[in-house]
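# Survey of secondary and tertiary structure
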Amino acid sequence: MTDIAAHMAARPRPTARRNTFFARAALAMLACVLLSFPLTFYWPLVTGTHHFGALFFIHGAAFFGWMFLYVYQTHLIASGRTARHRELGLAGVALSTLMVPLGIAAAMLAARHRQETGDPEPFAFTLYNVVDIGLFAALMTASFASVTRHIEWHRRFTYAAALCLVGPAISRWFLPFPPAPPFTDFGPNILADLFLVALFWHDKRTLGRVHPTTIWVTAILVPIHFIEPVFTTSVAWKHIAPALFSLTQY
């Protein structure tokens, strides 16, 4: 009996096995992000062919910092170091909160640059920025609100929030190719949404059903990702965007 008890104690718990999915997925997301900037950031920075302002570096540091923190936090849970994960919770709250105004400021600066260079549609990409920032903020708020009582919700809300960063990052993969609307418009986010397919598979394999939070975040993100390219060229957005942009001037 002692040997049987010892053997059972040594076996990994199902929860620990489930947690490794989020750790592996976070690493895959980080890889996608790191592989998205060789032409638009790493190479210009090394060669000095482009000057980046201070806001760009601060925004980038927060963006990469959040992704690295997400990877580390999921790793802590996968390795059973829950206490350390909780200790870093406030850092996650602070960094997530900081990213919202930084993201808005970076989006407005990019729109201003497009205006100054004579771009006929300077606010087209701004819609994607606003939507991604808004979704990230909403999902992280839901994640923090559910952290104490609904851990599985918390994990999935944070997972979905990470996708709001992955999609914009991998949009750089499409830059070397000629524009091919609408695929080049919704393609990056739809590629990022493949992580939701993996989450569906994970839920079915480990829970025997798809978790309600997985269904909810998919029902929100995927339709928005298909609608964005339509709305960004609409007359309504062309009227709304300059008004929003003017508010940031004060």
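Once a new chain begins, its residue numbering starts again from 1 and follows that chain's sequence as written. Whole-chain, interface and lining totals are the exception, using all residues; otherwise, since this is a predicted model, local features are given only for residues with pLDDT of at least 70 and side-chain atom pairs are given and counted only at 80 or more. Hydrogens and water molecules were not included; the side-chain quantities draw on all heavy atoms of the structure.

### Digging into the confidence of the model for the protein
Note: pLDDT gives the predictor's confidence per residue, expressed from 0 to 100. Chain-level pLDDT for the protein is 84 on average; 89% of the residues reach the 70-or-more range. Here helix H1 (residues 2–10) stands out as the least confident element of the protein, with mean pLDDT 43; helix H10 (residues 194–207) is the most confident, with 95. Only heavy atoms enter the contact rule, under which two residues are in contact if any of them lie within 4.5 Å. Here residues 1–18 is modelled with pLDDT under 50, and outside its nearest four sequence neighbours on either side it reaches six contacts, counting other chains as well. Numbering of helices and strands runs from the N terminus; a helix is a DSSP stretch of H or I covering at least four residues, while a strand is a stretch of E covering at least two.

### Considerations on the pattern of salt bridges
Within this document, salt bridges are pairs made up of a side-chain nitrogen of Lys or Arg and a carboxyl oxygen of Asp or Glu, the two lying within 4 Å of each other. In the structure shown here, the tally under the stated rule is four salt bridges. With a shortest N-O distance of 2.5 Å, Arg155 and Glu152 are connected by a salt bridge. Taken together, the residues Arg155 and Glu152, both in helix H8 (residues 151–170) and three residues apart, mark about one turn of the helix. The partner of Asp203 in a salt bridge is Arg156, and the shortest N-O contact between them spans 2.7 Å. Here the residue Asp203 occupies a position in helix H10, and Arg156 occupies one in helix H8, the gap between them amounting to 47 residues. Counted as one network, the salt bridges with shared partners bring together Glu152, Arg155, Arg156 and Asp203.

### A few points about the packing of aromatic side chains
Note on aromatic pairs: the rings of Phe, Tyr and Trp (six-membered ring only in Trp) are paired at centre separations within 6.5 Å, and the planes decide the class, stacked below 30 degrees, edge-to-face beyond 60, tilted for the rest. On inspection of all chains with the given rule, the structure shows twelve aromatic pairs. Geometrically, the ring pair formed by Phe63 and Phe64 is edge-to-face, given 5.6 Å between the ring centres and 90° between the ring planes. Of the residues examined, Phe63 reaches a relative accessible area of 10% and is grouped as buried. Residue Phe64 is classed as buried on the basis of its relative accessible area of 17%. Residues Trp66 and Phe136 carry aromatic rings whose centres are separated by 5.4 Å and whose planes lie at 75° to one another, so their mutual orientation is edge-to-face. Placement of the pair is Trp66 in helix H4 (residues 54–78) and Phe136 in helix H7 (residues 124–145), with a sequence separation of 70 residues. On the basis of relative accessible area, Trp66 is assigned to the buried category, the value being 4%. The rule is simple: take the accessible area with a 1.4 Å probe, protein chains only, and divide by the maximum for that residue type; under 20% is buried, over 50% is exposed, in between is partly exposed. Accessibility expressed as a relative area gives 3% for Phe136, which makes it buried. Aromatic rings pair up to connect Phe21, Phe22 and Tyr159 into one cluster.

### Thoughts on a nonpolar patch on the surface
Patch membership is restricted to residues that have no salt bridge and whose relative accessible area is over 30%. Joining uses 9 Å for like charges and 5 Å for the nonpolar side chains Val, Leu, Ile, Met, Phe, Trp and Tyr. Each accessible area value is a Shrake-Rupley result obtained with a 1.4 Å probe; residue values ignore everything except the protein chains displayed when judging cover. Taken together, Leu35, Trp173, Leu191, Leu194 and Val197 make up a surface patch of nonpolar side chains, about 480 Å² in accessible area. Within the element layout of this structure, Leu194 appears in helix H10.

### Digging into the nonpolar core
Nonpolar cores are built from buried Ala, Val, Leu, Ile, Met, Phe, Trp, Tyr and Cys residues. Side-chain atoms within 4.5 Å join them into one set. By size, the foremost hydrophobic cluster in this structure holds 54 residues, and its most contacted members are Met29, Trp66, Tyr159 and Val166. At the level of secondary structure, the elements contributing two or more residues to this core comprise helix H2 (14–34), H4, helix H6 (89–116), H7, H8, H10, helix H11 (212–232) and helix H12 (235–247). Apart from the residues within four sequence positions on either side, Tyr159 is in contact with Phe21, Phe22, Ala25, Met29, Tyr70, Phe195, Leu196, Ala198 and Leu199.

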